[in-house]
There are 2 protein chains.
Amino acid sequence: MSSSGFKTNHLAVVGLGLMGGGIAMAMRDRCKTITGMDLNPQTRDYAVKNGIVDHATDDLREAVNEADTVILAAPVRVITEILRMRIGTYLRSNTLLIDIGSTKHDICEAMGRLPVGVGAVGGHPMTGKENSGIEAADPTIYYGRPFVLCRTRRTTPATRDRALRFVEALGAEAIEMEAERHDRIVAGISHLPYILSASMVATVAKEAQTDEAFWQLAAGGFRDMSRLAASDIKMMGDILSTNTRAVATLLAMFRVQLAQLETMLISGEHDKLLEMLMPAREARLDWVENYEQKRSNGHTNNKTGASS
Amino acid sequence: MSSSGFKTNHLAVVGLGLMGGGIAMAMRDRCKTITGMDLNPQTRDYAVKNGIVDHATDDLREAVNEADTVILAAPVRVITEILRMRIGTYLRSNTLLIDIGSTKHDICEAMGRLPVGVGAVGGHPMTGKENSGIEAADPTIYYGRPFVLCRTRRTTPATRDRALRFVEALGAEAIEMEAERHDRIVAGISHLPYILSASMVATVAKEAQTDEAFWQLAAGGFRDMSRLAASDIKMMGDILSTNTRAVATLLAMFRVQLAQLETMLISGEHDKLLEMLMPAREARLDWVENYEQKRSNGHTNNKTGASS
């Protein structure tokens, strides 16, 4: 697999934001032509002027109908719409189609209904940045990061092989799993944290209405725990509403954990409270040591943002 | 007030950790003698050898009975014990006594029962660092940070004036408030976030028992939201158990916010969900702009840690 590397004649990137722009930059030397599709004219200008793409258009058909590799780098619901409404009729046979949407069930379902002959794989790179937009695009955000691949009814063995080589070419680590499993995992590690962050900020904001000193004294703990609350609302709304069941499941599990802690706290069972807090501390320390630090070695520029 | 500055003949720092060590270093040029008290012999050696204190002892009486300013820089429950059990009989009349414990009600109560003549003020500097211990001590962690002062029944006008000058000498910003108000605020901005972080990590850890990929895919959102869960358990247990009522109140408020978000999510009321998420986003962005960025200008070394 790795011996041949990833090559494509014509790459189309639909959505020239941080993530799509980074993919185009990373693939520059692996394809003859890159076309980009974006509805924003400034974005298209920027991408062409900076050599990120060879040609940019606001027309989906024009962007993809000559391509042999198409990357859908748009918000989840836009990807689903593109898949359901139009793109199947525009694509050439044997085109490799990969998306980078943050939830996978709906997208992989829609991919499975594309015309036979399209090779479609669901994708989710676990990376991002604080800043968004083409100006922040950076191919190195993919280096050493997990890139989940979810097979669909349109994933042939050859499609899978090309998708793996594509991920390898990005410098990312391919992790293959079913869409449902992916969605449950991201509900836990990403969507639950976001909801908790937003609810915590809403709680403090309510208190701060009558006492501004809440804002004045808020420090490092609040800063970390409130960062996700500032995520793009539309993007997060799309993500949550395409992953409702898994998020609701994780929320129900979270409530059990919170209620146990609260019981120990209010009942004054100090030793039991410490016993409950200890495994969470150890789990976080183990995660940093066994996953986070290993991954970040040599990739210090990779500050994963709210979008992952 | 600011014209005279803070001076003291003999400063005693009880507890030579990150915070106490930093205070000793910041006060070096403002006093003739600094004594430190710590139970750990390595800590005492380090503090003396590095000139952070002139003399170190494990005996509380010896540390404080010649001092005219005493800083209690120990965990909350240790401070409360010191106040209740012994220190009142050791202190000279007119000594200024300030603590830096993270909750203020119990401590200020105990200060109020000290002998008349001791000038006691509750304190809480809203700062910290990832690392703890005397080796990490750094006087600059106080620069530009809020330092809450809570008056007690032993706070005379002269005591208050000296405490304000002490805080100013640290380069911190004094914020005076009642202990109860302080405790409610830190319940919201610090203790609630900690409990949410620990409960979130416990939830993910439970899922990860049967699927290691939770750890593997966890990225930036999880990293931020899990950091507080790694706080020192004993310290956090002390803090929570001396602030039970305020923490329970904030938890009850949090549950309301969470339930509202969950209702919108599960019922599929997408627009209402976005309407609820928006104010939290704006509140966080406003906080960063109006408080956090102003404070951090010129204080980039001040990465506030879990202890604040």
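Residues numbered from 1 in each chain as written. Chains lettered and ligands numbered in written order. Predicted model: local features only at pLDDT ≥ 70, side-chain atom pairs only at ≥ 80, totals over all residues. Heavy atoms only, no water.

Thoughts on the overall build of chain A
Cut-off, in case you're wondering: Labels follow the DSSP assignment, with helices taken as runs of H or I lasting at least four residues and strands as runs of E lasting at least two, numbered in each case from the N terminus. Here the radius of gyration uses the C-alpha set of atoms, whereas the globule reference equals 2.2 Å times the residue count to the power 0.38. For every residue, the accessible area (1.4 Å probe, protein chains only) is compared with the maximum for its type, and the residue is labelled buried under 20%, exposed over 50%, or partly exposed between those bounds. Values of accessible area rely on a 1.4 Å probe in the Shrake-Rupley scheme; residue burial ignores everything except the protein chains shown. Positive charges come from Lys and Arg, negative ones from Asp and Glu, while His and the chain ends are left out of the count. Each charge is placed at NZ for Lys, CZ for Arg, CG for Asp and CD for Glu.
Broken down by element type, chain A carries 13 helices and eight strands. What you see for chain A is a C-alpha radius of gyration of 21 Å, in line with the 19 Å of a compact globule of 308 residues. Taken along the three principal axes of its C-alpha coordinates, chain A extends 70 × 40 × 40 Å. The buried share of chain A, reckoned over its 308 residues, is 61%. In the form shown here, chain A has an accessible surface area of approximately 12,300 Å², with 48% of it arising from carbon and sulfur atoms. With 35 positive and 37 negative side-chain charges, chain A shows a spacing of 6 Å between the two charge centroids.

Some thoughts on the packing of aromatic side chains
Inclusion rule: Note on aromatic contacts: the rings of Phe and Tyr and the six-membered ring of Trp form a pair at centre separations within 6.5 Å, being stacked when their planes are under 30 degrees apart, edge-to-face when over 60 apart, and tilted otherwise.
Counted by the stated rule, this structure contains eight aromatic pairs over all chains. When the centroid spacing of 4.9 Å and the interplanar angle of 80 degrees are considered together, the rings of tryptophan 287 of chain A and phenylalanine 222 of chain B count as edge-to-face. You can see tryptophan 287 of chain A sitting in helix H13 (residues 270–296) and its partner phenylalanine 222 of chain B sitting in helix H10 (residues 220–226), one on each of two chains. A residue is classified by how much of its surface remains accessible, and tryptophan 287 of chain A, at 0% relative accessible area, is buried. Residue phenylalanine 222 of chain B is classed as buried on the basis of its relative accessible area of 0%.

Concerning the state of the cysteines
Using the following cut-off: When two cysteine sulfur atoms lie within 2.5 Å, the pair is treated as a disulfide.
All chains considered together, the criterion is met by zero disulfides over all chains. Cysteine cysteine 108 of chain A shares no disulfide, and the gap to the nearest cysteine sulfur, in cysteine 150 of chain A, comes to 4.9 Å.

Digging into helix H12 (residues 244–267) of chain B
An α-helical turn contains 3.6 residues, so a residue and the one three or four places further along point in the same direction. Heads up, the rule is: Between the first and last residue of a helix there are one fewer steps than residues, each counted as 1.5 Å, and that sum is the expected span.
Helix length check: H12 of chain B (24 residues) gives 34 Å between terminal C-alpha atoms against 34 Å at 1.5 Å per residue, within 8%. Count one or two residues on from H12 of chain B and you reach glycine 268 of chain B, which has phi positive near 75 degrees.

Some thoughts on the domain arrangement of chain A
Residue and element names in this part refer to chain A. Inclusion rule: For every domain, the bounds stem from an assignment made automatically or drawn from a database. Note on definitions: buried area is the accessible-area loss of two parts on being combined, 1.4 Å probe, summed for both. Here, a salt bridge means any Lys or Arg side-chain nitrogen found within 4 Å of an Asp or Glu carboxyl oxygen.
As far as domains go, chain A holds domain 1 (9–177) and domain 2 (182–302). Distance between the C-alpha centres of domain 1 and domain 2: 30 Å. At the boundary of domain 1 with domain 2, total buried surface from both sides reaches about 1,600 Å², with 53% on carbon and sulfur atoms. Area buried by domain 1 at its contact with domain 2 is led by Arg77, Thr103 and Arg145, which between them contribute 29% of it. Across the contact surface, domain 1 and domain 2 share one salt bridge.

Some thoughts on the sheet that holds strand S3 (residues 55–57) of chain A
Residues and elements named next belong to chain A. Quick note on the threshold: A pair of strands is considered paired only if DSSP assigns at least 2 bridges between the two. To obtain an axis, a line is fitted to C-alpha atoms, over the contacting stretch when the element is a helix, and the angle between two such axes runs from 0 to 180 degrees between their N-to-C directions. By definition, residues are in contact when any of their heavy atoms lie within 4.5 Å.
Read across the sheet, eight strands follow the order S3-S2-S1-S4-S5-S6-S7-S8 without closing on themselves; strand pairing throughout is mixed. What marks the edges here is a single partner per strand, and that holds for S3 and strand S8 (173–176). On average, each strand axis in the sheet is inclined to that of its neighbour by 25 degrees, with strand direction left out of account. In the sheet, strand S5 (residues 96–99) pairs with strand S6 (residues 119–125) via three bridges, with the strands oriented parallel. Opposite isoleucine 98, over in S6, you have valine 121 as the bridge partner. Against the sheet, helix H4 (residues 76–85) engages strand S1 (8–14), strand S4 (69–72) and S5, with an angle of about 135 degrees to S4.

Focus: the pattern of salt bridges
Residues and elements named next belong to chain A. By the definition in use, this model includes 32 salt bridges over all chains. The shortest N-O distance in the salt bridge between glutamate 269 and lysine 272 comes to 3.2 Å. In this structure glutamate 269 comes out as partly exposed when scored by relative accessible area, which is 31%. By relative accessible area, which is 43% here, lysine 272 ends up partly exposed. A single network of salt bridges, built from pairs that share partners, joins Arg77, Lys234 and Asp238.

A short note on the pairing of strand S4 (residues 69–72) of chain B
Residues and elements named next belong to chain B. Burial of S4 is two-sided: the residues Thr69 and Ile71 facing one way and the residues Val70 and Leu72 facing the other way are all buried. With four bridges connecting them, strand S1 (residues 8–14) and S4 associate as parallel partners. Note on S4: the bridge partner recorded for alanine 12 is valine 70. Where S4 lies against strand S5 (residues 96–99), four bridges are found, and the strand directions are parallel. The residue bridging valine 70 from the neighbouring strand is leucine 97, located in S5.

Structural notes on the relation of the copies chain A and chain B
Quick reminder of the rule: We place the copies in one frame by least squares, fitting the C-alpha atoms of every residue whose pLDDT is at least 70 in both.
Each copy of the sequence occupies a distinct position, and chain A is placed on chain B by a rotation of 180 degrees and an axial shift of 0.0 Å, giving an RMSD of 0.0 Å. As the rotation angle and translation indicate, the two copies are arranged about a two-fold axis. Here 100% of the interface residues in chain A have copies in chain B that are interface residues too; the copies meet face to matching face.

Some remarks on the side chain of threonine 152 of chain B
All names here are of chain B. For the record, the criterion: Distance and chemistry together define a polar contact, namely a pair of N or O atoms within 3.5 Å, with one atom able to donate a hydrogen and the other to accept it when in protein, and with adjacent residues in sequence counting only for side-chain atoms on both sides.
Positionally, threonine 152 belongs in the loop between strand S7 (146–151) and helix H7 (157–169). A polar side-chain atom of threonine 152 sits 2.9 Å from the main-chain amide nitrogen of arginine 154. Threonine 152 has contacts with Cys108, Met111, Gly112, Ala120, Val121 and Gly122, leaving out every residue within four places of it along the chain.

Side note on the interface of chain A and chain B
Taken together, the contacts link 87 residues of chain A with 87 residues of chain B. Carbon and sulfur atoms make up 69% of the area that chain A and chain B hide from each other, which totals about 8,300 Å². Linking chain A with chain B are 10 salt bridges. Residue arginine 255 of chain A pairs with glutamate 262 of chain B through a salt bridge whose shortest N-O separation is 2.5 Å. Applying the counting rule to chain A against chain B returns 26 residue pairs in polar contact (both at pLDDT 80 or more). Elements supplying a minimum of two residues to the side of chain A that touches chain B: strand S7 (146–151), S8, helix H8 (179–208), helix H9 (213–217), helix H10 (220–226), helix H11 (233–241), helix H12 (244–267) and H13 of chain A. Broken down by element, the side of chain A that touches chain B gets its largest block of residues, 21 residues, from H8 of chain A.

Points about the environment of alanine 187 of chain B
Residues and elements named next belong to chain B. With respect to the helices, strands and loops of the structure, alanine 187 is situated in helix H8 (residues 179–208). With a relative accessible area of 0%, alanine 187 lands in the buried category. Distance from alanine 187 to valine 247, taken between C-alpha atoms, is 5.0 Å for residues 60 residues apart in sequence. Setting aside residues no more than four positions away along its own chain, alanine 187 makes contact with Leu192, Pro193, Asn243, Ala246, Val247 and Leu250.

Points about unusual backbone geometry
Across residues other than glycine, the phi torsion is negative in most instances, and most of the peptide bonds are trans. Its identity as a non-glycine residue notwithstanding, asparagine 94 of chain A has a phi of 70 degrees, on the positive side. Within the secondary structure, asparagine 94 of chain A is located in the loop between helix H5 (87–90) and S5.

Notes on the sheet that holds strand S6 (residues 119–125) of chain B
Residues and elements named next belong to chain B. Reading across the sheet, the eight strands line up as S3-S2-S1-S4-S5-S6-S7-S8 and stay open at both edges, with mixed pairing between neighbours. With one partner strand each, in any of the chains shown, strand S3 (55–57) and strand S8 (173–176) form the two edges of the open sheet. Sheet twist, expressed as the mean angle between neighbouring strand axes with direction ignored, is 25 degrees. Here helix H4 (residues 76–85) sits on the sheet in contact with S1, S4 and S5, set at roughly 135 degrees to S4.

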